[in-house]
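Single-letter residue listing:
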Amino acid sequence: MNKEIIAWTVVGGAAALLIGCATAPSDAETTAKATQMMKASFNERGQAKLDRLDQDETQKLCSEYTGKDLPKEVAERIEKVNLESIKWPADGKYLGDWKSGEKIAQQGQGMQYSDDPKKPSGANCYACHQLAPQELSFGTIGPSLYQYGKARGYTEETRKYVYGRIWNSEGYGACSNMPRFGHNHILTEAQIKDVVALLMDPDSPVNK
Amino acid sequence: MSNPRWRAFARIAVLSSSLAVAIVALAQTSAVDEIAKYRAALQDGNPAELWEARGAELWKQPRGPNKVSLEKCDLGLGPGVVKGAYTQLPRYFADADRVMDLETRLVWCMVKLQGFSEADAVKNHFGGPGRKSDNEAFVAFVTSESRGIPMNVAATHPKEQEMYRLGEKMFFFRGGPYDFACASCHGVDNQRIRLQDLPNLTTKEGAQKAYSTWPAYRVSQGELRTFQWRLNDCFRQQRFPELKFTSDASIALTMFLAKNSNGAAYDAPAIKR
Amino acid sequence: MADPMRIRANVVGDTTEVKVLMSHEMETGQRKDSAGKVIPAWHIQNVTATYNGKTVLTAQWGPAVSKNPFLSFKFKGGAKGDKVQISWVDNRGEKRTDEATIA
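None of these values were measured; they are calculated from a predicted model. Sequence order as written defines the numbering, with residues in each chain counted from 1. Chain letters start at A and ligand numbers start at 1, both assigned in the order the entries are written. pLDDT decides what is reported in this predicted model: residues at 70 or higher carry local features, side-chain atom pairs at 80 or more are listed and counted, and totals for whole chains, interfaces and linings draw on all residues regardless. Heavy atoms throughout the structure, all of them, feed into the side-chain values; hydrogens and water do not.

Asks: Mind showing me how you'd approach the overall build of chain C here?
Replies: Across its full length, chain C holds zero helices and seven strands. The helix and strand labels rest on DSSP assignments: H or I over at least four residues marks a helix, E over at least two residues marks a strand, and numbering proceeds from the N terminus. Put simply, chain C runs from its N terminus to its C terminus through helices and strands in the order β-β-β-β-β-β-β. Once the C-alpha set of chain C is aligned to its principal axes, its extents read approximately 55 × 20 × 20 Å. In chain C, the proportion of contacts linking residues at least 24 apart, taken out of those at least 6 apart, comes to 55%. When the accessible surface of chain C is split by element, carbon and sulfur atoms take 48% of a total near 5,500 Å². Positive residues here are Lys and Arg, negative ones are Asp and Glu, while His and the chain termini are left out of the count. A single reference atom marks each charge: NZ on Lys, CZ on Arg, CG on Asp, CD on Glu. Taking the average place of the 15 positive charges on the side chains of chain C and the average place of its 11 negative ones, the gap between the two points comes to 3 Å. Pairs of residues are marked as contacts when any of their non-hydrogen atoms sit within 4.5 Å. For the accessible areas, the method is Shrake-Rupley and the probe is 1.4 Å, while residue cover comes only from the protein chains on display.

Okay, here's the thing in structure tokens:
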């Protein structure tokens, strides 16, 4: 499936060459040069090694199409690849403990070179989303998730969707801004279940 | 004495009580308004002036193995011209055959004029508690000499144009375990992280507002922070490795943002929470 | 040695307004470093302002005052060209005195 995506990158590059002015370097050349420049401009520090600058195909395509229309075929491919990568819980259960989920949603640490790699990461949901109404300090990059479960119904299907969306958001909307928490090993399966409960447990403050 | 930052002082007491009211009322929009008022109150008595004064002193001091001052340093407008120099940086310097931002140029002058080794010149580039940074003092002084002057980055030299294009690519480069690019947080109008407003740096207005207010005294850190620091800390939060001080990538991104801010009246060193 | 203060003094009518920025760590004694060791208290304790040799303000400060403090006060009197002097002493005995001309 990676081959398909690579094929699409090549087509994109060729198109850019055709429209590009004869003297200016092509878009693909600039991209290659920028990547090279970045590799020479960063130092490994703590847990943040230089391989973090190596983009996977999803990151490459999403960088290329930021601010432009994402062709339907490219979007579908990104979603397919990422959806297939999701590891569903072996016990078939999606709901953990919302109280623990609330703590995880509040915490923002994890994977920065200044963070202790031995400590668990947070999900930092409140950085971008409104959730429990008691928390006033929430961001607006993502939609409000207040009354998420109450509005949609506490169905098994929705629980599964939320679990998958947190595991790998790119599977549900290509070039989503949300980190792929499971796919990139930011959160554990148990942590994701707790965050699912924060959104989907009828007792969670999110649904009050 | 006409400095607009020296204004009414007694507002802070009023503010803290109204902040409390806002929180009790669970009124989030007014909480944001109150933070804006807090920021306005901070404008009075900006400790960045302490850095500006120290930088101005250091600028004139004979230093380094060659025992000369930086008064002959060419920041782009000729040797010794500081007034307005920051508003035209980054730019291409023929003597170095490189596009340089202010901090890179200062390091160049410390090496070429004062005889410091490269390693000594970049040492302690960001200060910390009990560890004052000369770099931050120099930057505070030089930028203060551009206050009120419109940003005017030419980017006409082919190498400047290339830096701009590379900086633009970097801005949209998604990577790392969180898939973040600069654009993830700074590509849309009117968004926030928690209660922190995010400038949309892809628009002229957003870039102008952001770029013209760095460097800044960060009240939460008790330090004056430079634009190199701002980029460095963004990449830390992006979960990238550490951006090297005065690296090409840091200059490219600065070029992209500085040029996009052209026309803005430069207004720093500022003060931020 | 501590960095100089920035002092501004303006007379309007019969009142002089003085604004002072001081460079000081103002360590509270409550914080710990990355190794978990308490960082010892280090802060300005006494502030004195004089005008023509006459004390117009004294203050006792503690750990609640911010790093790089900003002080603003007014006193009756003062004339353009006169001097205002500010001094501080911290809990280590370090001191600093600076002067400004009233404008």
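Asks: Teacher, can you tell me more about the state of the cysteines here?
Replies: One way to say it: the disulfide is the covalent bond shared by the sulfur atoms of two cysteines. Note on terminology: pairs of cysteine sulfur atoms within 2.5 Å are recorded as disulfides. One pass over the structure, following the stated rule, counts two disulfides over all chains. The disulfide that involves A:C62 links it to A:C175, with 2.1 Å between the sulfurs. Disulfide A:C62-A:C175: torsion about the S-S bond near -90°, hence left-handed. Here A:C62 is found in helix 3 (residues 57-64), whereas its partner A:C175 is found in the loop between helix 7 (156-167) and helix 8 (189-200), with 113 residues between them in sequence. Disulfide partner of B:C73: B:C109, at an S-S distance of 2.0 Å. Taking the sign of the S-S torsion, 75° for the link of B:C73 and B:C109, the bridge is right-handed. Here the residue B:C73 occupies a position in the loop between helix 3 (48-60) and strand 1 (91-93), and B:C109 occupies one in helix 4 (residues 102-112), the gap between them amounting to 36 residues. Assigned by exposure class, B:C73 and B:C109 land together as buried. Unpaired in terms of disulfides, A:C125 finds its nearest cysteine sulfur in A:C128, a separation of 9.0 Å. For every residue, the accessible area obtained with a 1.4 Å probe (protein chains only) is divided by the maximum for its type, and the residue is called buried under 20%, exposed over 50%, and partly exposed between those limits.

Asks: Is there a simple way to explain the interface of chain C and chain B in this structure?
Replies: Interface size is commonly expressed as the accessible surface area that is lost when the partners come together. Contacts between chain C and chain B engage 16 residues on the former and 21 residues on the latter. For the pair chain C and chain B, the summed buried area comes to about 1,600 Å², and 60% of that belongs to carbon and sulfur atoms. Its largest share of buried area at the contact with chain B, chain C owes to C:R8, C:L21 and C:F70, together 35% of the area lost on that side. Salt bridge, as used here: a side-chain nitrogen of Lys or Arg that lies within 4 Å of a carboxyl oxygen of Asp or Glu. Linking B:R54 and C:D3 is a salt bridge whose minimum nitrogen-to-oxygen distance equals 3.7 Å. Polar contacts, as counted here, are pairs of nitrogen or oxygen atoms within 3.5 Å of one another; within protein the pair requires one atom able to donate a hydrogen and one able to accept it, and residues that are adjacent in sequence qualify only if both atoms are side-chain atoms. For the interface between chain C and chain B, the tally reads five residue pairs in polar contact (both at pLDDT 80 or more). Looking at the side of chain C that touches chain B, the elements with two or more residues in it are strand 1 (6-12), strand 2 (15-21) and strand 5 (70-76) of chain C. For any pair of parts, buried area is found by adding up, for both, the accessible area (1.4 Å probe) each one loses once the two are put together.

Asks: Which parts of the structure should I look at to understand unusual backbone geometry?
Replies: Keep in mind that most residues, glycine aside, have a negative phi and that most peptide bonds are trans. Along the chain, B:L89 connects to B:P90 via a cis peptide bond; the corresponding omega equals 0°. Of the consecutive residues B:A268 and B:P269, the connecting peptide bond is found in the cis state with omega at 0°. The topology assignment puts B:P269 in the loop between helix 11 (248-260) and strand 8 (270-272). The residue A:Q147 is not glycine, and still its phi comes out positive at about 60°. Here A:Q147 is to be found in the loop between helix 5 (98-106) and helix 6 (148-152).

Asks: What is the right way to look at the confidence of the model for chain A in this model?
Replies: In low-pLDDT segments, the atomic positions of the prediction should not be examined closely. Confidence scores here are pLDDT values: one per residue, from the predictor, ranging 0 to 100. Looking at chain A as a whole, its pLDDT mean stands at 91, while 89% of the residues score no less than 70. In the model, residues 1-22 of chain A has pLDDT below 50 throughout and makes 19 contacts with residues more than four positions away in sequence or in other chains.

Asks: Could you clarify how one ought to interpret the sheet that holds strand 2 of chain C in this entry?
Replies: Hydrogen bonding along the main chain pairs the strands of a sheet, whether they run parallel or antiparallel. All names here are of chain C. When DSSP finds two or more bridges between two strands, those strands count as paired. Strand order in the open sheet formed by three strands is 1-2-5, and the pairing between neighbours is antiparallel. Strands with a single pairing partner mark the edges of an open sheet, and in this sheet they are strand 1 and strand 5. Going across the sheet, the axis of each strand differs from the next one's by a mean of 15°, ignoring polarity. Of the pairings in the sheet, the one linking strand 2 to strand 5 comprises seven bridges and is antiparallel in character. Its bridge partner lying in strand 5, T16 is registered against F75. Every axis in this analysis is a line fitted to C-alpha atoms, fitted for helices over the stretch in contact. Angles between the N-to-C directions lie between 0 and 180 degrees.

Asks: How should I be thinking about the confidence of the model for chain C in this particular structure?
Replies: Summary statistics for chain C give a mean pLDDT of 93 and a share of 99% for residues scoring 70 or more. In the predicted complex, the global pTM is 0.87; the interface-specific ipTM is 0.88.

Asks: So what exactly am I meant to see when it comes to the interface of chain B and chain A here?
Replies: Facing 41 residues of chain B, the contacting portion of chain A comprises 54 residues. Roughly 4,300 Å² is buried in total at the junction of chain B and chain A, and carbon and sulfur atoms are behind 56% of that figure. Taken together, chain B and chain A are joined by six salt bridges. B:R194 is the salt-bridge partner of A:E135, the closest N and O atoms lying 3.6 Å from each other. Here chain B and chain A share 29 residue pairs in polar contact (both at pLDDT 80 or more) between them. Breaking the side of chain B that touches chain A down by element, the ones donating at least two residues are helix 7 (158-171), helix 8 (182-186), strand 3 (191-193), helix 10 (227-237), strand 7 (242-243) and helix 11 of chain B. In terms of residues, the side of chain B that touches chain A owes the most to one element, helix 7 of chain B, which gives five residues. All amino acids are sorted into three groups, where Ala, Val, Leu, Ile, Met, Phe, Trp, Tyr, Cys and Pro are nonpolar, Asp, Glu, Lys and Arg are charged, and the leftover types, Gly among them, are polar. Along the lines of polarity and charge, the residues of the side of chain B that touches chain A split into 20 nonpolar, nine polar and twelve charged.

Asks: Which parts of the structure should I look at to understand the packing of aromatic side chains?
Replies: Two aromatic rings are characterised by how far apart their centres lie and by the angle between their planes. Stacked, edge-to-face and tilted labels apply to pairs of Phe, Tyr and Trp rings (six-membered ring for Trp) whose centres lie within 6.5 Å, assigned for plane angles under 30 degrees, over 60, and everything in between, in that order. Taken as a whole and judged by the stated rule, the model has 22 aromatic pairs over all chains. Plain terms: the ring middles of B:W59 and B:F141 are 5.5 Å apart, the flat faces sit at 55° to each other, and that makes the pair tilted. Placement of the pair is B:W59 in helix 3 and B:F141 in helix 6 (residues 134-144), with a sequence separation of 82 residues. Each member of the pair, B:W59 as well as B:F141, is classed as buried. With a centroid separation of 5.5 Å and 35° between ring planes, the pair formed by B:F235 and B:F240 is classed as tilted. Owing to a relative accessible area of 2%, B:F235 belongs among the buried residues under this scheme. These aromatic residues form a ring-pair network of at least three members: A:F42, B:F173, B:F235 and B:F240. Placement of a positive charge over a ring is assigned whenever Lys NZ or Arg CZ falls within 6 Å of the ring centre and within 35 degrees of the normal to the ring plane. When the ring centre of A:F138 is taken as origin, the NZ or CZ atom of B:R192, which lies over that ring, is 5.2 Å away. The positively charged end of B:R239 is found above the aromatic ring belonging to B:Y178, 4.0 Å away from the centroid.

Asks: Which parts of the structure should I look at to understand the pattern of salt bridges?
Replies: Two side chains carrying opposite charge are able to pair once their charged atoms lie near each other. Inspection of the entire model under this criterion finds 33 salt bridges over all chains. Here A:D27 and B:K169 are joined by a salt bridge, their closest N and O atoms 2.9 Å apart. Pair noted here: A:D27 is in helix 2 (residues 27-41) and B:K169 is in helix 7, and the two residues belong to different chains. The class for A:D27 is partly exposed, based on a relative accessible area of 29%. If you follow the salt bridges from partner to partner, you end up with B:R54, B:R63, B:K132, B:D134 and C:D3 in one network.

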